[in-house]
Amino acid sequence: MGEPDIQTSNWRLVEVGRVVLFSSGVYEGRLATIVEIIDHKRVLVDGPSSDKDKVVPRQSAALSGLSLTPLVIPKLPRAAGNGFVKKIWESEGVESKFAESNWAKTQGRFAKRKQLNDFERFKVMKLKKAVRYTPFMRSTNLPRNVALGF
């Protein structure tokens with residue numbers, strides 16, 4: 001019998017240095033990092049951002065109002081000061097890493113779609129329909145306008 005191969009799960013753990021996204025409240029959609037774990041439901045977060053509109057002041061936050069991201073600031077000491085957190089935040093490039101993630105891109109797509117008016121939504125629907133029927137058009141010998149139904 002061989003040695004058992006035990007691997008840890010890929011769960012996002014609540015840990016000091018974990019980058020979180022506010023999913024509700026005044027700071028909805030803003031990034032912060034866990035600086036200290038208060039108890040099993042609350043954490044102390046700090047969100048130093050280069051953009052003044054996205055700064056999250058150091059505060060206690062309920063875990064139910066946060067989404068844990070896959071990003072972690074490694075070796076962030078517990079209860080680190082604001083200046084130290086900001087320095088590491090910028091050196092790690094947390095905002096740029098999150099902006100490159102699929103999570104942020106999906107958020108951007110939803111925000112863009114939410115701002116469309118009725119006619120623009122109609123155009124998107126027609127374009128999606130055209131893309132969906134592209135394989136059908138290739139398999140038939142019908143002219144393009146007949147295959148699309150225009």
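Going by the structure above, here's the rest.
Here the structure is a predicted model, which is why all the values come from computation and not from measurement.

### Examining a nonpolar patch on the surface
Piece 1. Judged by side-chain polarity, Phe119, Phe122 and Met125 come together as a nonpolar surface patch covering roughly 320 Å² of accessible area.
Piece 2. In this fold, Phe122 is placed in helix α4 (residues 118-132).

### Things to note about the pattern of salt bridges
Piece 1. Tallied over the entire structure, the rule returns five salt bridges.
Piece 2. One salt bridge in this structure joins Glu36 and Arg78, with 2.5 Å as the shortest N-O distance. Of this pair, Glu36 sits in strand β2 (residues 31-37) while Arg78 sits in the loop between β5 (66-72) and α1 (82-92), and the two are 42 residues apart along the sequence.
Piece 3. Salt-bridge contacts for Asp118 lead to Arg121; the nearest nitrogen and oxygen are separated by 3.6 Å. Here the residue Asp118 and the residue Arg121 both occupy positions in helix α4, the gap between them amounting to three residues, near one helical turn.
Piece 4. Residue classification places Arg121 among the partly exposed residues on the basis of a relative accessible area of 43%.

### Regarding unusual backbone geometry
Piece 1. Even without being a glycine, Lys75 presents a positive backbone phi close to 55 degrees.
Piece 2. Given a relative accessible area of 82%, Lys75 falls into the exposed group.

Reading guide: rules and limits
- Residues numbered from 1 in each chain as written.
- Predicted model: local features only at pLDDT ≥ 70, side-chain atom pairs only at ≥ 80, totals over all residues.
- Heavy atoms only, no water.
- Patch = residues over 30% accessible without salt bridge, like charges linked within 9 Å, V, L, I, M, F, W, Y side chains within 5 Å.
- Areas by Shrake-Rupley, 256 points an atom, 1.4 Å probe, with all protein chains shown as cover.
- Salt bridge = Lys/Arg side-chain N within 4 Å of Asp/Glu carboxyl O.
- Helix = DSSP H or I, 4+ residues; strand = E, 2+ residues; numbered from the N terminus.
- Buried < 20%, exposed > 50% of the residue type's maximum accessible area, 1.4 Å probe, protein only.

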